[in-house]
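Notes for the structure review
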Amino acid sequence: MTYGAALRFDPWPGSNSTGRFAKAVADGVAISRPEVSDPITSRDAPWMKPTQDKLRDLATLREDNWDGRGSAAVRGDVLAFVWTILSQVMPYDGKAPGIIPLGHGGVQVEWKGPGRDLELEFARPHEIVGTLFNTLDNSEQEIEANAEHLDELTAVIWQSIPRI
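Residue indices begin from 1 for each chain and proceed along its sequence in written order. Under the rules for a predicted model, residues below a pLDDT of 70 receive no local features and side-chain atom pairs below 80 are neither given nor counted, while totals for whole chains, interfaces and linings still include all residues. Side-chain metrics rest on all non-hydrogen atoms present in the structure, leaving aside hydrogens and water.

1. Some thoughts on the pairing of strand E5 (residues 139-145)
Let me state the cut-off plainly: Should DSSP find at least two bridges between two strands, the strands are taken to pair. Helix and strand assignments come from DSSP, with helices taken as H or I runs of at least 4 residues and strands as E runs of at least 2, each series counted from the N terminus.
Judged from the seven bridges that link them, strand E4 (residues 127-134) and E5 form a sheet pairing that is antiparallel. Paired with Asn 134 across the bridge in E5 is Ser 139. Between E4 and E5, which follow one another and run antiparallel, lie four residues, and Asn 138 among them has a positive phi close to 55°.

Listed below in structure tokens is the structure:
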């Protein structure tokens, strides 16, 4: 048996289709590419710059007692974690949060909107606790999240924060 004959083996005897399958596989197939919308890919979300600016400002509070009341320095790893989480859970058209340094070195991230206030506390990386306040009926919902399970936090943020 020669190698040429082995390459021309017809798996469907009598069909005389030798070689056509190989040619079909080798021919290129045109694939249409999806169009990507311009605003989302070429511009940052409106909330990003003010949030980055605030995090940079807080990063300057590197020494203990920055407020004259004995507060711990704001932790850089917490600020980086806050940015990472917000980048994953914020809607493109969400309003920038207020970010407040806390005495233990962490920060509080908050949004105030009609009928709802959302406060998230970041004490250390991978630990998020918060409260969603319903200002219409004075009820509150406790929130706990971590970096591995952001589905519930994402849903709360998308439903609760004001949009631009």
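2. So, the sheet that holds strand E1 (residues 98-101)
Our working definition: Axis lines are fitted to C-alpha atoms, over the contacting stretch for helices. Their N-to-C directions set the angle, which ranges from 0 to 180 degrees. Contacts are assigned to residue pairs with any non-hydrogen atoms lying within 4.5 Å of each other.
Reading across the sheet, the five strands line up as E1-E2-E3-E4-E5 and stay open at both edges, with antiparallel pairing between neighbours. The open sheet has two edge strands, E1 and E5, and neither has a second partner. Ignoring strand direction, the axes of neighbouring strands in this sheet form an average angle of 20°. Sheet strands touched by helix H4 (residues 48-59): E1 and strand E2 (107-113). Its angle to E1, the strand with the most contacts, is close to 10°. Where helix H5 (residues 76-89) meets the sheet, its contacts fall on E2, strand E3 (116-124) and E4, and the angle it forms with E3 comes to roughly 135°.

3. Some thoughts on the environment of Pro 97
So the rule is basically this: With a 1.4 Å probe rolled over the protein chains alone, any residue whose accessible area is under 20% of its type maximum counts as buried; one over 50% counts as exposed, and the rest are partly exposed.
Looking at where Pro 97 falls in the secondary structure, it is placed in the loop between H5 and E1. On the accessibility criterion, Pro 97 (10% relative accessible area) is buried. It is 9.5 Å that separates the C-alpha atoms of Pro 97 and Leu 86, two residues lying eleven residues apart in sequence. Setting aside its immediate chain neighbours within four residues, Pro 97 contacts Thr 51, Leu 86, Val 109, Glu 110 and Trp 111.

4. What about unusual backbone geometry?
Backbone geometry places Asn 65, a non-glycine residue, at a positive phi of 65°. With respect to the helices and strands, Asn 65 occurs in the loop between H4 and H5. A positive phi angle is found at His 126, which is not glycine, with a value near 70°. For His 126, the position within the fold is in the loop between E3 and E4. Classification of His 126 by relative accessible area gives partly exposed; the value is 47%.

5. Description of the environment of Glu 142
Within the secondary structure, Glu 142 sits in strand E5. Among the residues examined, Glu 142 registers a relative accessible area of 56% and is labelled exposed. The spacing of Glu 142 and Glu 119 is 23 residues in sequence and 9.8 Å in space, taken between C-alpha atoms. Beyond its immediate sequence surroundings of up to four residues, Glu 142 is in contact with Gly 130 and Thr 131.

6. Some thoughts on the pairing of E3
A regular strand carries its side chains on alternate faces of the sheet. Sheet analysis places E2 next to E3, joined by seven bridges and oriented antiparallel. By the bridge assignment for E3, Val 107 is matched with Phe 122. Judged from the eight bridges that link them, E3 and E4 form a sheet pairing that is antiparallel. Bridge pairing in E4 places Phe 122 opposite Ile 128. Where E3 hands over to E4, the hairpin turn is made up of two residues, of which His 126 adopts a positive phi near 70°.

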